[in-house]
Amino acid sequence: MKLRLRITWLSCLVALSATLLRAENIPDLFLHDGVSLNGEWKCIVDPYETGFYDYRREQRDLNSNPSRAETFFLDAKPTGPGERVEFDFDTSPSLIVPGDWNTQRPELLYYEGSLWYRRKFDFAGLTAGQRVFVRFGAVNYRADVYLNGKKLGTHIGGFTPFTFEATQLLKQGANSLVVKVDNTRAKDGVPTLSTDWWNYGGITREVKLVTVPKKFIADHRFALESENTHVISGWVQINGAGEGESVQLSIPELGEKLFVKTDASGRAAFRFTPARLRLWSPETPKLYEVSIAHGGDTVVEPIGFRTVRTQGKQILLNGKPVFLRGICIHEEFPLNGGGRVNTADKAKQLLLWAKDLNCNFVRLAHYPHNEAMTRLADELGLLVWSEVPVYWTIDWTNAETYQNAQNQLSDNIERDANRASIIIWSLANETPVGEARTKFLSKLAMQARSLDQTRLLSAAMEKHAKPGAENINVVQDPLADIVDVVAFNQYVGWYDGLPEMCGKVSWEVSYNKPVFISEFGGDARQGLHGSKDQRWTEEYQEDLYRQTIPMLDKIDGLVGFSPWLLLDFRSPRRVLPGIQDGFNRKGLISSEGARKKAFFVLQEYYQKRAEAGKLANLNPKK
Ligand code: GCU
């Protein structure tokens, strides 16, 4: 009997600690001022996870008295000449945060495993009721976070923000924040073992310490209900508030100021109609400064107001048909050694290259990009396809894998729900049709719709040859019945025959929904010239674009495409010496920033599409 009580008590303790240790996603902490913890962090490369498991492979942070000698999260120093401590962050090397480790040190380029980061900081202390959170923009892939030797928690997923409350563990004066990052790929991961991109590990986005009052603004939604009535509705969530607390909303440029009351859950709903309103669009990316105040807490953010919906085979932006002049983009900056985008300037450069291409749309592949990308898309007037890394052969029957995917989808939607630029949430990329996969994705679709009814759902599916008619391409995927926009990747002329095949195939996409081509393209080594029949030359890629575009233009219900892709990018799959050298070369711009000939083919086509669009808006069809 006694043993059973002990086990029950222990299981309750583990469950409680798991709850306490759960990473939270509190979107509006991004908008609160805080202390940046970016910059130099000391680091220890730990391929055998010596700092995390003892020599019997027992997890040290489950030990109530872990050894000071090897437990890295204790950040211990010898207390006397005789004490054995076999690590020392102070005399270890540094890495810059935010940033991947792969491109900061040559010996880490291919590193896959655990690496410890340590940041010391002083803290002035708290006044009554204040709370402190540590917010990570993203860590790839698993993060185990410790403050002053105690566990704050664990987060899994490489591209979405997470937060731990630090109030109880912070000290006045010196503090030690230690993060174990593990970028090891896993079969049950999201993404799974195989991807066509570099597995950049590290604290790849910003880290901030945020102090808030006992009751603080945690989240909000603003959405335009109709492009005709200009009714704006939404809600504000006050963490720690009960019923009847007053929240002030103001949009000074519109002369709007209103007070709303919270309900018992601390949520204050609102609905109002400004006297005048300029709608957001790529042509007129109008943003309004929206201010939210509750007690002494205030957040301000620029928000654009627009509507997006489908009507038969059209996508309507603010009630008008839109053609998506897109390009795919990885979150990777090619110059100065490459690596994950880790500054707003690099993010802006990627989007400016897309604007130079005459794009009005970017597909941010294959995972949520950093906050700067979507906020800059709002400012620059680029529509966005935002995607979670449910990529290729995910472990469809694994419940933890589904929960991981759902967490990443929810965190992505909650982070960016107020971004006018985002019009499509994408559930997946090139996942093999099958019962378990479709069940997984239809559940994910329901989750997305429960969180956001103001945007469209899609996924990059695959095309198939019509049985018995090899030159007729069709989409036969039950996922097409679930999403709003039927999108698929196609590589006729690269993986599927030669470019001349474009003139021989036809397409049957039999859904009364908009059709979007989410990828096409081919590799070219920039500067390699030859005949258009010579694979890997710029001329081959140029000809592929010249032949593909007219083929796609014939597809009934085509609302646009996003060729693969803006820039060459690192991939361990791409090993052809002298051509790929560890890079996927489908970029229209090389890894040195040079435009290839195909860039100008697409730029010219989009220029004509843009002019046609302007004319159409001037003379709308009756
Ligand atoms: C696939 C996939 C991309 C990949 C590309 C390629 O469609 O979606 O992630 O990089 O094709 O093979 O280059």
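Quick look at the sheet that holds strand 8 (residues 162-165)
Strand order across the open sheet formed by four strands is 1-10-5-8, with antiparallel pairing between neighbours. Each end of this open sheet is capped by a strand with a single partner; those strands are strand 1 (35-36) and strand 8. Sheet analysis places strand 5 (residues 131-136) next to strand 8, joined by four bridges and oriented antiparallel. Each bridged residue has a counterpart across the sheet, and for Phe133 the counterpart in strand 8 is Glu165.

Here's the deal with the pattern of salt bridges
Should the charged atoms of two oppositely charged side chains come close, the side chains can pair. Inspection of the entire model under this criterion finds 47 salt bridges. With a closest N to O distance of 3.1 Å, Asp568 and Arg585 form a salt bridge. Of the two residues, Asp568 sits in the loop between strand 31 (558-561) and strand 32 (569-570) while Arg585 sits in the loop between strand 33 (583-584) and helix 8 (597-618), which places them 17 residues apart along the sequence. Classification of Arg585 by relative accessible area gives buried; the value is 2%.

A word on the domain arrangement of the chain
Under the domain assignment used here, the chain contains domain 1 (2-212), domain 2 (226-306) and domain 3 (318-617). Spacing between the C-alpha centres of domain 1 and domain 3 amounts to 34 Å. The partner domain 3 presents 40 residues to the 32 residues of domain 1 that form the contact. Across the domain 1 to domain 3 interface the summed buried area is about 3100 Å²; carbon plus sulfur atoms make up 55%. Three residues, Val190, Asp196 and Trp197, lead the burial of domain 1 against domain 3; their summed loss comes to 24% of the area buried on that side. Remark: the boundary between domain 1 and domain 3 carries four salt bridges. Among the ionic pairs, Glu371 bridges to Arg135, the shortest N-O distance being 2.6 Å. Counting the contacts that link domain 1 with domain 3 gives 18 residue pairs in polar contact (both at pLDDT 80 or more).

Looking at helix 5 (residues 435-451)
Here helix 5 is 17 residues long and its end C-alpha atoms lie 25 Å apart, about the 24 Å a rise of 1.5 Å per residue gives. Of the residues making up helix 5, those classed as buried are Arg437, Thr438, Phe440, Leu441, Leu444, Ala445, Gln447, Ala448 and Leu451. Buried residues along helix 5 sit in contact with strand 11 (216-224), helix 4 (399-416), strand 24 (422-429), strand 25 (456-462) and helix 6 (479-482).

Regarding the sheet that holds strand 3 (residues 94-97)
The sheet built from six strands is open, its strands ordered 3-2-4-9-6-7 with antiparallel pairing. Bordering the open sheet on either side are strand 3 and strand 7 (150-156), each of which pairs with just one other strand. The sheet shows a mean angle of 30° between the axes of neighbouring strands, taken without regard to direction. Strand direction decides the pairing type here: strand 2 (residues 39-45) and strand 3, joined by four bridges, are antiparallel. Bridge pairing in strand 3 links Glu40 to Ile96.

Rules and cut-offs
- Residues numbered from 1 in each chain as written.
- Predicted model: local features only at pLDDT ≥ 70, side-chain atom pairs only at ≥ 80, totals over all residues.
- Heavy atoms only, no water.
- Pairing = 2+ DSSP bridges.
- Helix = DSSP H or I, 4+ residues; strand = E, 2+ residues; numbered from the N terminus.
- Salt bridge = Lys/Arg side-chain N within 4 Å of Asp/Glu carboxyl O.
- Buried < 20%, exposed > 50% of the residue type's maximum accessible area, 1.4 Å probe, protein only.
- Domains from an automatic or database assignment.
- Contact = heavy atoms within 4.5 Å.
- Buried area = accessible area lost by both parts, 1.4 Å probe.
- Polar contact = N/O pair within 3.5 Å; in protein donor to acceptor, adjacent residues only side chain to side chain.
- Expected span 1.5 Å × (residues − 1).
- Axes fitted to C-alpha atoms, helices over the stretch in contact; angles between N-to-C directions.

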